[in-house]
Amino acid sequence: MLASTIPVHNIKLPCLHQNFSNTSNVEVTTAVNNTRTIRKPRRRKQTTAVSSSYQHHSLLSFLSRPCSVHTVLARVGGGGGGGGDANPQQSSFTDIKEKSLGSSTLGDSYVGLFVRMLGLDNDPLDREQAIEALWKYSLGGKKCIDMIMQYSGCVNLTINLLKSESSIACEAAAGLLRSISSINVYRDSVAESGAIEEITGLLSRPSLTSEVKEQSICILWNLSVEEKLRVKIANSDILPLLILSLEDEDIKVKEAAGGVLANLALSHSNHKIMVEAGVISKLAKLLKTDSEGSKVIRKEARNALIELAKDEYYRILIIEEGLVPVPMIGAAAYKSFKPGLYSWPSLPDGTEIERTSNSPSRYGANELLLGLNLNDKNINMEEAKMNAIVGRAKQQFLVRIGGIELEDERKPQSELPIDGQLTILPWVDGVARLVLILGLEDEVAIARAAQSIADASINEHMRLSFKEAGAIKNLVQLLDHNSDAVRLAATGALERLSISHGVCQIIEAEGVIYPLVNTLKLSDISESLMEKTLDILGRILDPSKEMKSKFYDGPVNGSKKGLDVASLNASIGLTGNAAEVPASETNTSYREVLLDSIFIDGLVNILKTSYPNFQRKAASILEFVTFIDPSLETIMSLDIESGLDAVFRQKVLEDTEDDLEGWQPETYALEVEEACLAISAASRLLTKLLDSKQFSQTIKAPHFTKLLRQILKSNVPLHYKDWVAACLVKLSCLSSPNVDFDNPINMEVTIYETIPRLVEQMKSSFSPEAREAAAVELNRIISEGIVDSTRAIASEGGIFALVKMIEEGSERGVEASLAILYNLSMNSENHSLILAAGAVPALRRIVLSQRPQWTKALRLLRNLPI
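Looking at an unreviewed UniProt entry, the protein chain carries the name ARM repeat superfamily protein, with the source organism given as Acer negundo.

This is the structure:
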């Protein structure tokens with residue numbers, strides 16, 4: 001044993017007050033596997049300044065204080081659980097110090113000594129000095145870390161020091177573990193020794209210095225490089241602590257926490273738990289801060305959000321926080337941008353600036369300086385317009401100086417993978433950047449920008465922002481692009497933007513109907529493009545809107561609304577003179593393109609062959625066509641009846657239970673809903689077509705009457721039967737009286753549509769007047785003696801609603817409900833339901849109080865088995 005070979009009296013302690021240089025700290029920057037720059041240890045008042053002119057000098061710093069002979073003997077003997085592989089020297093510390101000055105590698109021989117000093121039975125201050133020396137030594141790079149890791153138990157002893165009450169020892173221990181975990185081959189050793197659990201407890205302490213936090217979280221930063229360790233960290237109690245650290249006052253702590261979260265986001269399995277912990281709002285807040293903040297934390301926050309944005313639902317949450325995913329298209333793609341140096345200034349949405357001079361300004365100064373006076377209190381401009389101007393100015397300035405994507409000089413977008421990289425920008429800059437990309441020449445870049453616009457248009461604020469930024473005009477122009485991908489992406493963007501009524505009007509004013517109609521006339525159109533095109537046309541050509549409000553309600557001018565022209569002219573000479581098309585001219589031009597026989601024939605073919613969703617939209621557009629062409633010449637020249645017949649024969653409504661095996665309930669419910677919507681739209685179209693005398697004389701009325709009766713009697717939801725019933729009643733007037741029907745049409749409509757609708761109104765309406773009117777109407781129907789009317793009321797659950805009307809309704813409603821219940825009581829099968837609804841107590845109260853209806857109530861009581 002070493003302790004027996006070194007006499008105690010031969011050990012010479014170093015001078016206790018020896019002063020080393022305070023200005024000779026070694027700054028070691030390591031570039032080992034997947035590591036980041038490691039912060040060097042700080043100088044503290046509690047410890048003697050350590051000379052680090054040579055890295056092995058720091059190994060002796062723990063000796064700069066008085067030590068007992070027994071303590072030194074314990075050190076040399078290695079007792080207390082230190083590493084067993086140490087080889088301490090057999091010379092005095094004075095000789096060691098002298099020799100070390102002449103050899104740069106001699107300090108490596110004393111690593112084992114300091115590892116032994118980490119033993120649990122050593123003096124806490126000795127352990128603190130030893131761990132500090134090892135931490136400083138580890139900053140020498142991978143070779144030094146390899147030397148430390150030769151001694152088994154070093155990692156375990158270091159992790160044990162994370163429990164120390166000394167902040168110095170905790171920081172040094174965490175710093176050493178940070179260095180060790182920066183090496184690929186040692187990460188598992190650190191994690192398997194319980195580092196993650198100990199760091200969790202450490203970060204949970206109520207009072208912890210920023211230095212300890214930083215070093216501890218940086219350990220997790222290194223460990224989270226490994227996939228299996230990322231999952232372990234995310235599923236521990238440490239995730240909320242990391243998110244809380246994003247609000248720490250120390251910027252280094254925030255950077256480290258952001259780095260860990262960015263690494264955790266690389267594993268898709270961690271996304272759900274991260275989002276549920278509230279990470280998106282915290283990261284978004286960091287990313288939206290001013291440029292004065294740390295670039296590191298902004299970068300890490302962006303990286304984490306980019307990974308989360310790959311999920312469609314989480315991307316929506318990110319956009320709701322005021323951020324926009326923007327495709328990275330490469331700096332080369334922006335070279336095609338041609339700023340209008342001599343073009344007259346205008347707002348992004350197309351509103352022009354009043355000319356105050358006949359000659360353009362030198363170097364396009366008007367364009368560049370537009371917006372400098374926007375903060376004038378006299379200007380009454382919408383905030384959305386101001387943001388559009390600011391965003392456009394920023395992005396065009398970056399393009400002019402070559403500052404966009406400057407740090408990432410990639411190949412042209414056409415040479416990149418389809419799923420190219422994204423960046424995350426605040427919405428003001430992101431909206432302007434996407435609109436700018438739409439004006440470039442790179443087809444793939446344009447398509448990706450249009451797709452990003454579609455993804456970002458999740459609410460009214462974003463849709464209006466894109467409108468103000470000038471996206472609509474560019475997108476409409478792209479509908480005539482040669483590339484199928486560009487046309488599809490542009491159509492998708494317009495489809496999402498058109499959800500807003502105001503934006504839809506601007507889209508219409510830009511002349512979008514012409515390219516959309518031309519698209520539907522193509523023979524090789526894809527289903528995706530057809531669906532989006534039909535969606536836009538369906539919103540613009542909505543037959544439910546009155547024709548006057550559609551064409552004769554004045555010009556559509558989206559840029560004029562909310563803009564104080566007089567105030568703005570006083571400052572920058574702005575006039576709202578966007579293109580305005582007279583209503584009569586608009587009506588005439590639309591009429592010509594919509595009555596094109598090829599276009600209408602395409603819609604009829606959609607009715608015959610397409611999905612219910614397509615059939616519904618095609619039927620709605622055809623109904624609009626009937627408004628602008630009452631003669632129906634074009635429609636009647638085509639086989640419209642075959643199209644309607646196909647819509648009314650929905651296969652999903654005819655499927656038996658055997659056919660439904662293997663269907664998911666949600667999928668089947670969606671299919672039924674789409675089929676019912678298509679049937680309702682086709683019924684409206686047929687009802688409108690029947691207004692034409694020529695069409696009503698040629699249609700096969702008995703055939704369609706039979707189809708609609710089957711739908712009316714089916715299990716189709718009630719709210720889809722209203723137009724079916726209306727169309728059926730209209731058809732019944734045209735049917736031959738010799739047709740063998742089981743029941744009259746009017747009776748079937750009453751039983752399968754009118755009575756269920758009135759009962760539903762009594763049960764669900766919030767208006768007492770509406771419930772009373774429904775009861776009165778039901779009483780009228782029963783009084784007419786329609787067969788099975790009482791049975792229909794009972795089967796729809798009307799008895800409970802009638803009893804409730806007796807208890808709470810007005811005199812008129814009570815009287816109608818008593819009459820209905822009396823008719824229902826004539827059938828003994830209804831007695832149990834009447835009693836279960838609580839009718840008896842309500843009737844007795846009416847009789848005992850001798851209300852005007854007490855005689856009817858008494859008669860009803862006599863019919864019941866009580």
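Describe the overall build of the protein chain, and please don't skip the residues or the numbers.
Looking only at helices and strands, the protein chain features 48 helices and two strands. Within the protein chain, counting contacts between residues at least 6 apart in sequence, those at least 24 apart form 74% of the total.

An account of the packing of helix 13 (residues 238-245) against helix 14 (residues 251-264) is needed here, citing residue identities and associated values.
Two elements in contact, helix 13 and helix 14, have axes whose closest approach is 8 Å; the angle formed by their N-to-C orientations is 135 degrees. The orientation of helix 13 relative to helix 14 falls into the category oblique. Crossing geometry of helix 13 relative to helix 14 is assigned as left-handed. The segment helix 13 lies against helix 14, with Leu 239, Leu 242, Ile 243 and Ser 245 engaging Val 253, Lys 254, Ala 257, Val 260, Leu 261 and Leu 264. Along the lines of polarity and charge, the residues of the contact of helix 13 with helix 14 split into eight nonpolar, one polar and one charged.

Describe the packing of helix 39 (residues 701-713) against helix 40 (residues 722-732), naming the residues involved and giving the relevant values.
One can describe the packing of helix 39 onto helix 40 by two numbers: an axis separation of 10 Å at closest approach and a directional angle of 150 degrees. In terms of axis orientation, helix 39 runs roughly antiparallel to helix 40. Between helix 39 and helix 40 the crossing geometry is left-handed. Residues Ala 701, Phe 704, Thr 705, Leu 708, Arg 709, Ile 711 and Leu 712 of helix 39 form the contact with helix 40, whose participating residues are Val 724, Ala 725, Cys 727, Leu 728 and Leu 731.

Hey, could you go over unusual backbone geometry for me, with residue numbers and the actual values?
Backbone geometry at Gln 850 places phi at a positive 50 degrees, although glycine is not the residue there. You can see Gln 850 is positioned in the loop between helix 47 (839-848) and helix 48 (854-863).

Residues and numbers for the packing of aromatic side chains, please.
By the definition in use, this model includes three aromatic pairs. Arranged with centres 6.1 Å apart and planes meeting at 80 degrees, the rings of Phe 648 and Phe 704 form a pair that is edge-to-face. With a gap of 56 residues between them, Phe 648 in helix 35 (residues 640-648) and Phe 704 in helix 39 connect regions that are remote in the sequence. Considered together, Phe 648 and Phe 704 belong to a single accessibility category, that of buried residues. When the ring centre of Phe 627 is taken as reference, the NZ or CZ atom of Lys 688 above it lies at 4.5 Å. In this structure, Arg 859 is placed above the aromatic ring of Tyr 822, and the distance from its NZ or CZ to the ring centre is 4.5 Å.

Hey, could you go over the nonpolar core for me, with residue numbers and the actual values?
Among the nonpolar cores identified, the biggest contains 112 residues, and Phe 466, Leu 475, Leu 594, Ile 640, Phe 648 and Leu 686 are the most heavily contacted of them. The element that contributes the greatest number of residues to this core is helix 37 (residues 665-689), accounting for ten residues. Not counting residues up to four positions away in its chain, the partners in contact with Leu 594 are Ile 513, Val 517, Leu 541, Phe 599, Ile 600, Phe 624, Val 625 and Ile 628. In this structure, Val 155, Ile 217, Ile 219 and Leu 287 belong to the second largest nonpolar core, which totals 86 residues.

Tell me about the environment of Leu 516, and please be specific about residues and values.
With respect to the helices and strands, Leu 516 occurs in helix 27 (residues 513-520). Using a relative accessible area of 1% as the deciding quantity, one classes Leu 516 as buried. Separated by 37 residues in sequence, Leu 516 and Leu 479 place their C-alpha atoms 7.6 Å apart. Contacts of Leu 516, omitting those with residues within four sequence positions, involve Leu 479, Thr 533, Ile 536 and Leu 537.

Lay out the side chain of Arg 463 in plain terms, naming residues and giving numbers.
You can see Arg 463 is positioned in helix 23 (residues 460-468). The exposure class assigned to Arg 463 is buried, which follows from its relative accessible area of 9%. From its side chain, Arg 463 meets the backbone oxygen of Ser 457 in a polar contact 3.4 Å long. When neighbours within four sequence positions are excluded, Arg 463 is seen to be in contact with Ser 457, Ile 458, Arg 496, Leu 497, Ile 499, Ser 500 and Val 503.

Please give an account of helix 47 that cites residues and values.
Three or more residues of helix 47 are buried, namely Ala 839, Val 840, Ala 842, Leu 843, Ile 846 and Val 847. Along the axis of helix 47, the buried positions cluster into a sector of 165 degrees, meaning they face one direction only. Where helix 47 ends, the next residue or the one after it, Gln 850, has phi of about 50 degrees, a positive value.

Go over the UniProt feature "repeat: ARM" (unreviewed entry) in the protein chain, please, and point to the residues and values.
UniProt feature "repeat: ARM" (unreviewed entry): in the numbering of this structure it lies at residues 194-238, 237-279, 470-498 and 797-839. The straight-line gap between the two end C-alpha atoms of residues 470-498 is 14 Å; of that span, 76% is helix and 0% is strand.

Got a sec to walk through the pairing of strand 1 (residues 323-327)? Specific residues and values, please.
Here strand 1 lies mainly inside the structure; five of its five residues are buried. Covered by surrounding structure in strand 1 are Leu 323, Pro 325 and Pro 327 together with Val 324 and Val 326, the residues of both alternating faces. Pairing geometry for strand 1 and strand 2 (residues 422-426), over five bridges, is antiparallel. Among the inter-strand pairings, Val 326 is bridged to a residue of strand 2, identified as Thr 423.

A description of the environment of Arg 187 should follow, citing residues and the corresponding values.
Tracing the chain through its elements places Arg 187 in helix 9 (residues 187-192). For Arg 187 and Leu 229, which are 42 residues apart along the polypeptide, the C-alpha to C-alpha distance reads 9.1 Å. One polar contact links the side chain of Arg 187 to the main-chain carbonyl oxygen of Ser 181, over a distance of 3.0 Å.

Mind laying out the pattern of salt bridges, listing which residues take part and the relevant values?
Once their charged atoms are close, side chains differing in charge can pair, the charge on each being opposite to the other. A complete count under the given rule lists 30 salt bridges for this structure. Asp 535 is the partner of Lys 617 in a salt bridge, and the nearest nitrogen-oxygen pair spans 2.5 Å. Residue Lys 617 is located in helix 33 (residues 612-628), and its partner Asp 535 is located in helix 28 (residues 527-540); the two are separated by 82 residues in the primary sequence. For Glu 811, the salt bridge identified is with Arg 851, shortest N-O distance 3.4 Å. Residue Glu 811 is found in helix 45 (residues 811-825), and its partner Arg 851 is found in the loop between helix 47 and helix 48; the two are separated by 40 residues along the sequence. According to the relative accessible area criterion, Glu 811 is partly exposed, its value standing at 39%.

Before we move on, can you summarise helix 10 (residues 195-203) with the specific residues and values?
Restricting attention to buried positions, one finds in helix 10 the residues Ala 195, Ile 196, Ile 199, Thr 200, Leu 202 and Leu 203. Taken down its axis, helix 10 places every buried residue within 165 degrees of arc, on the same side. Elements in contact with the buried residues of helix 10: helix 7 (154-160), helix 8 (167-181), helix 9, helix 11 (210-223), helix 12 (227-234) and helix 13.

How would you summarise the confidence of the model for the protein chain if you had to cite specific residues and measurements?
With 73% of its residues at a pLDDT of at least 70, the protein chain reaches an overall mean of 76. Taking the mean pLDDT of every element in the protein chain, the minimum, 30, falls on helix 2 (residues 69-77) and the maximum, 95, on helix 25 (residues 484-497). Contacts of residues 1-40 to residues separated by more than four positions or lying in other chains number 74 contacts, the stretch itself having pLDDT below 50.

Could you give an account of the environment of Glu 171, with specific residues and numbers?
Turning to its location among the elements, Glu 171 is positioned in helix 8. For Glu 171, a relative accessible area of 2% corresponds to the buried category.

How each quantity is defined
- Residues numbered from 1 in each chain as written.
- Predicted model: local features only at pLDDT ≥ 70, side-chain atom pairs only at ≥ 80, totals over all residues.
- Heavy atoms only, no water.
- Helix = DSSP H or I, 4+ residues; strand = E, 2+ residues; numbered from the N terminus.
- Contact = heavy atoms within 4.5 Å.
- Axes fitted to C-alpha atoms, helices over the stretch in contact; angles between N-to-C directions.
- Parallel < 35°, antiparallel > 145°, perpendicular 65-115°, else oblique.
- Left-handed = near helix turned anticlockwise from the far one by under 90°.
- Nonpolar A, V, L, I, M, F, W, Y, C, P; charged D, E, K, R; others polar.
- Phe/Tyr/Trp six-rings, centres within 6.5 Å; stacked < 30°, edge-to-face > 60°.
- Buried < 20%, exposed > 50% of the residue type's maximum accessible area, 1.4 Å probe, protein only.
- Lys NZ or Arg CZ within 6 Å of the ring centre and 35° of its normal.
- Core = buried A, V, L, I, M, F, W, Y, C linked by side-chain atoms within 4.5 Å.
- Polar contact = N/O pair within 3.5 Å; in protein donor to acceptor, adjacent residues only side chain to side chain.
- Arc of directions from axis to C-beta.
- UniProt positions renumbered as here; feature names shortened; annotations may be inferred.
- Pairing = 2+ DSSP bridges.
- Salt bridge = Lys/Arg side-chain N within 4 Å of Asp/Glu carboxyl O.
- pLDDT = per-residue confidence, 0-100.

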